[in-house]
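Okay, here's what each chain looks like letter by letter:
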Amino acid sequence: MENLTFTQEVKPPDTKKGPVKWLKDNLFNTWYNTILTCLALVFLFFVFRGVLTWVFTQANWQVIPANLQIFSIGPYPLEQIWRVSYVIYGLAVLLGLSAGIWNGLTRQITVVIGCLGAIILLLPFATSIREQTLIATVILAVSFAIGRNKDNWKQWVVVGWVLSFPWTMMMLHGFGADTVSTTLWGGLLLTLILAAVGIVACFPLGVLLALGRRSQLPAIKWVSTVYIETVRGVPLIAILFMGNVLLPIFMAGDFQLDKVIRAMIALTLFSAAYMAENVRGGLQAIPQGQVEAAQAVGLTYPKATLFIVLPQALRAVIPAIVGQFISLFKDTSLVAIIGLLDLLGIGRSVLGNSEWTGLQAEVFLFIALIYFIFTYAMSHVSQKIEADLGVGKH
Amino acid sequence: MTENENITNDPIIICEDVHKWFDDFHVLKGITTTFKKGERAVICGPSGSGKSTFIRTINRLEEHQRGTIIVDGIELSNDLRNINLIRQEVGMVFQQFNLFPHLTNIKNITLGPIQVRKMSKKAAEEAALALLERMDIADQAYKYPAEISGGQQQRVAIARALAMEPKIMLFDEPTSALDPEMISEVLDVMRELAHSGMTMLVVTHEMGFAREVADRIMFFDEGVVIEEAAPADFFDNPQHERTKLFISQTLQH
């Protein structure tokens with residue numbers, strides 16, 4: 001280190017710029033850029049004035065608070081709404097415990113959801129809904145406190161998450177005489193259920209199809225390839241129609257699959273084909289040397305795939321996979337065509353009410369905002385996951 | 001050169017007329033040889049001569065299409081169980097290291113013992129740390145492969161292979177991808193391993209290492225072993241014209 005005393009320490013050139021300097025360098029550096037900047041500002045002024053005037057003076061936002069409950073749960077009967085609450089309480093326990101056990105991202109997500117709960121308290125929902133939201137938020141906070149540093153609970157919480165799916169479905173539907181038919185499920189509730197089931201189910205199926213397509217066993221390879229290419233060649237609407245119209249014809253006798261379940265199956269099968277191709281892109285990026293090194297230490301094909309190939313392959317295609325999840329989330333809106341009342345479908349039925357005719361702009365803008373909030377959250381979380389996993393670093 | 005006091009008379013690898021084709025290209029044209037327990041064999045030859053392909057057939061990374069290979073009493077066939085048994089006994093070090101980039105160095109090493117040898121996590125980690133100590137890089141255990149130098153990565157790769165406690169170690173040009181100043185740290189580790197009595201098959205261009213450590217040097221050209229001899233004979237009294245040319249060219253620098 002002594003040598004350093006002989007060399008002058010040279011500071012790197014100052015590359016930071018103040019906002020004024022930035023404006024000068026980028027927007028007003030020549031006379032024609034100055035003119036273009038001014039024209040653009042005038043244009044933006046008129047556009048924004050139009051939009052803002054409409055939003056604040058002309059639009060009739062009455063339709064949103066008046067129908068908030070409909071947008072949230074659709075025609076789900078209010079006297080059965082405790083079912084939704086129990087589902088939310090269950091999820092709040094799991095989420096709280098997870099946030100306590102796993103640090104970082106899970107905790108951040110939980111905090112955001114807790115804040116959402118607080119916001120709902122301020123919105124004009126029915127008093128019962130606000131009460132239940134308050135309870136859920138408290139449960140979330142308490143389970144977080146309980147879950148702190150309970151590392152040995154990890155596997156039980158994972159089991160809990162797996163069981164939360166059948167629990168949710170059974171809870172919402174109910175048993176015996178006291179049931180809520182799925183035809184009464186709707187709004188954001190239905191959209192979230194369809195998306196969650198589709199995402200969770202299409203991922204493993206897609207991974208298996210991707211591995212199948214690269215299999216050395218011809219039968220598996222061809223079945224996977226034909227499946228992927230066929231499904232990718234058919235529009236989702238067509239698959240939803242087929243599930244809706246054809247499946248009941250093929251099904252024998254009295255046994256009929258529920259309409260919502262059919263939509264779930266259609267969405268899952270459709271997404272899995274795209275998921276498979278995304279995952280296959282990641283598999284192809286893994287150098288042959290990785291597989292050879294895994295084989296050389298004696299790992300069998302399933303173990304080499306599970307521990308060496310898939311972790312690297314999936315990490316490489318997180319952006320594509322999350323893109324697929326976002327598409328799937330938005331594609332759930334197509335179930336409106338087969339008569340389900342998801343968020344978009346319920347929006348249209350609200351507009352069909354004579355009280356609210358002519359308010360398309362307000363309703364669709366609101367629905368677009370809801371979709372945006374969820375998809376943006378997914379995109380944001382995926383970037384966080386990439387950063388956490390150190391993608392591109394090691 | 002010191003005499004190898006670990007070499008025995010028990011054969012551990014027996015190759016009988018081994019052939020291999022890549023499509024129409026005949027890479028291995030009938031290799032017949034026997035390696036003894038504790039033997040250190042260096043395999044050299046020009047690129048494309050089939051030397052890497054040959055050692056890769058021994059743990060079935062390449063399938064041979066004719067002839068027989070028997071490793072530690074087990075014949076290599078299409079039987080997956082045999083292949084996995086042999087791979088547990090045969091460690092391999094690659095030219096490009098092939099460390100698993102998503103795992104820390106210590107997890108690279110413990111994966112095989114935990115998943116294949118069914119060792120407990122704790123025992124595997126202790127063994128891995130001892131191996132890293134032996135490789136003189138214990139302080140790099142919890143870093144990722146991308147965070148350490150090439151020479152250090154190759155030593156982690158050697159530790160990964162040794163963690164399976166193999167009877168045979170295969171080295172496929174272990175120093176060819178390294179910067180010159182890192183070559184010696186890897187060769188030092190290999191020397192130490194040789195003196196510990198490990199059976200070693202080393203494909204390398206490091207002729208100094210070959211002369212010092214090898215019991216036998218095999219010279220490959222166009223898929224056949226055209227000359228094999230003890231290092232002294234090989235370097236000072238080569239028989240074949242092709243060998244003479246190779247030695248004069250490699251010793252020039």
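Residues numbered from 1 in each chain as written. Chains lettered and ligands numbered in written order. Predicted model: local features only at pLDDT ≥ 70, side-chain atom pairs only at ≥ 80, totals over all residues. Heavy atoms only, no water.

Draft legend 1. Focus on the overall build of chain A. Per the secondary structure count, chain A includes 17 helices and 1 strand. A principal-axis box enclosing the C-alpha atoms of chain A has dimensions of 90 × 70 × 50 Å. In chain A, buried positions account for 38% of the 394 residues. Sequence-distant contacts in chain A: of pairs separated by 6 or more residues, those separated by 24 or more amount to 77%. Summing over all exposed atoms, chain A offers an accessible surface of approximately 22,600 Å²; the carbon and sulfur share of this is 70%. (Helix = DSSP H or I, 4+ residues; strand = E, 2+ residues; numbered from the N terminus. Buried < 20%, exposed > 50% of the residue type's maximum accessible area, 1.4 Å probe, protein only. Contact = heavy atoms within 4.5 Å. Areas by Shrake-Rupley, 256 points an atom, 1.4 Å probe, with all protein chains shown as cover.)

Draft legend 2. A look at the interface of chain B and chain A. Between chain B and chain A, the residue contacts involve 23 residues of the former and 19 residues of the latter. Taken together, chain B and chain A are joined by 1 salt bridge. Our enumeration of links across chain B and chain A arrives at 6 residue pairs in polar contact (both at pLDDT 80 or more). Where the side of chain B that touches chain A is concerned, the elements lending two or more residues are helix 2 (80-89), strand 6 (90-93) and helix 3 (105-115) of chain B. (Salt bridge = Lys/Arg side-chain N within 4 Å of Asp/Glu carboxyl O. Polar contact = N/O pair within 3.5 Å; in protein donor to acceptor, adjacent residues only side chain to side chain.)

Draft legend 3. Here's a closer look at unusual backbone geometry. All names here are of chain B. Here D17, not a glycine, exhibits a phi torsion of approximately 50°, which is positive. The topology assignment puts D17 in strand 1 (residues 11-22). You can call D17 partly exposed: its relative accessible area is 31%. With a phi angle near 50°, E222 is a residue other than glycine that sits in the positive phi range.

Draft legend 4. Focus on the packing of aromatic side chains. Residue and element names in this part refer to chain A. In the structure shown here, the tally under the stated rule is 16 aromatic pairs over all chains. Seen from their ring centres, W54 and W61 are 5.8 Å apart, and the 75° between their planes marks the pair as edge-to-face. Here W54 falls in the partly exposed class, since its relative accessible area comes to 25%. Relative to Y376, the ring of F372 has its centre 5.6 Å away and its plane inclined at 20°; by these criteria the two rings are stacked. Placement of both F372 and Y376 in helix 17 (residues 360-389) is noted, with a separation of 4 residues, approximately one turn of the helix. (Phe/Tyr/Trp six-rings, centres within 6.5 Å; stacked < 30°, edge-to-face > 60°.)

Draft legend 5. Geometry of the packing of helix 13 (residues 288-296) of chain A against helix 14 (residues 301-316) of chain A. All names here are of chain A. Contact geometry for helix 13 and helix 14: axes closest at 10 Å, N-to-C directions at 160°. One finds that helix 13 runs roughly antiparallel with respect to helix 14. The two elements helix 13 and helix 14 cross, and the hand of that crossing is right-handed. In this structure, helix 13 contributes Q290, V291 and A294 to the contact, and helix 14 contributes A304, I308, V309 and Q312. Looking at the contact of helix 13 with helix 14 residue by residue, the class counts come to 5 nonpolar, 2 polar and no charged. (Axes fitted to C-alpha atoms, helices over the stretch in contact; angles between N-to-C directions. Parallel < 35°, antiparallel > 145°, perpendicular 65-115°, else oblique. Left-handed = near helix turned anticlockwise from the far one by under 90°. Nonpolar A, V, L, I, M, F, W, Y, C, P; charged D, E, K, R; others polar.)

Draft legend 6. View of the environment of B:K37. All names here are of chain B. With respect to the helices and strands, the residue K37 is situated in the loop between strand 2 (25-36) and strand 3 (40-44). When the C-alpha atoms of K37 and Q152 are compared, they prove to be 28 Å apart, with 115 residues separating the residues in sequence. Leaving out residues up to four positions away in the same chain, K37 has contacts with N6, I7, T8, D10, I12 and T199.

Draft legend 7. Region of the structure containing the confidence of the model for chain A. Mean pLDDT over chain A works out to 88, with 96% of the residues at or above the 70 mark. For chain A, the element scoring lowest by mean pLDDT is helix 6 (residues 105-122) of chain A, at 82; helix 10 (residues 218-232) of chain A scores highest, at 96. (pLDDT = per-residue confidence, 0-100.)

Draft legend 8. View of the nonpolar core. One finds A:F71, A:Y76, A:L172, A:L194, A:V279 and A:L283 to be the most contacted residues of the largest nonpolar core, which totals 69 residues. Tallying contributions element by element places helix 9 (residues 187-213) of chain A first for this core, with 13 residues. Looking at which domains feed residues into this core, each of domain 2 (77-179) and domain 3 (180-394) of chain A supplies at least three. Apart from the residues lying within four places of it in its own chain, the contact partners of A:L172 are A:Y76, A:R83, A:V84, A:V87, A:V180, A:W185, A:L189 and A:I193. The next biggest cluster of nonpolar side chains, apart from the first, holds 47 residues, and it includes B:C44, B:I109, B:A159 and B:A163. (Core = buried A, V, L, I, M, F, W, Y, C linked by side-chain atoms within 4.5 Å. Domains from an automatic or database assignment.)

Draft legend 9. Representation of the sheet that holds strand 8 (residues 199-203) of chain B in the model. Residue and element names in this part refer to chain B. Here we have 6 strands laid out as an open sheet, ordered 6-7-8-3-9-10, and mixed in their pairing. The open sheet is flanked by strand 6 and strand 10 (224-229), the only strands paired with a single partner. Averaged over neighbouring strand pairs, the angle between their axes works out to 20° when direction is ignored. Of the strands in this sheet, strand 3, strand 6, strand 7 (168-172), strand 8 and strand 9 (216-221) touch helix 1 (residues 51-58), which is tilted by about 150° from strand 7. (Pairing = 2+ DSSP bridges.)

Draft legend 10. Quick peek at the layout of surface pockets. There is about 1,200 Å³ of room inside the second largest pocket. Lining the second largest pocket we find 29 residues, and of these A:Q216, A:Q288, A:V291, A:Q295 and A:Y301 sit closest to its centre. Elements with a contribution of two residues or more to the lining of the second largest pocket: helix 12 (259-284), helix 13 and helix 14 of chain A together with helix 2 of chain B. Top element by residues in the lining of the second largest pocket is helix 14 of chain A. It accounts for 5 residues. Residues of the lining of the second largest pocket, tallied by class, amount to 14 nonpolar, 9 polar and 6 charged. (1 Å grid on protein atoms, 1.4 Å probe; cavity = no way out; pocket = protein on both sides within 12 Å on 5 of 7 lines; lining within 4 Å. Points joined across faces, edges and corners; volume = space filled by probe spheres on them.)

Draft legend 11. Structural detail: the side chain of B:R40. Residues and elements named next belong to chain B. Position of R40 among the secondary structure elements: in strand 3. One buried charged residue, R40, forms no salt bridge at all, with the nearest opposite charge on D215 at 4.1 Å. A polar contact is formed between the side chain of R40 and the backbone oxygen of A194, at a distance of 3.0 Å. In terms of polar contacts, R40 uses its side chain to reach the backbone carbonyl oxygen of V213, at 3.1 Å. Excluding anything up to four places from it in sequence, R40 contacts N4, N6, A194, H195, M198, M200, V213, A214, D215 and R216. (Lys, Arg positive; Asp, Glu negative; His and termini not counted.)

Draft legend 12. Helix 12 of chain A, seen in detail. Here helix 12 of chain A spans 38 Å end to end across 26 residues, near enough to the 38 Å set by a 1.5 Å rise per residue. A distance of 2.8 Å separates the backbone nitrogen of A:V260 from a side-chain oxygen at the start of helix 12 of chain A, and that oxygen is part of A:D258. (Expected span 1.5 Å × (residues − 1).)

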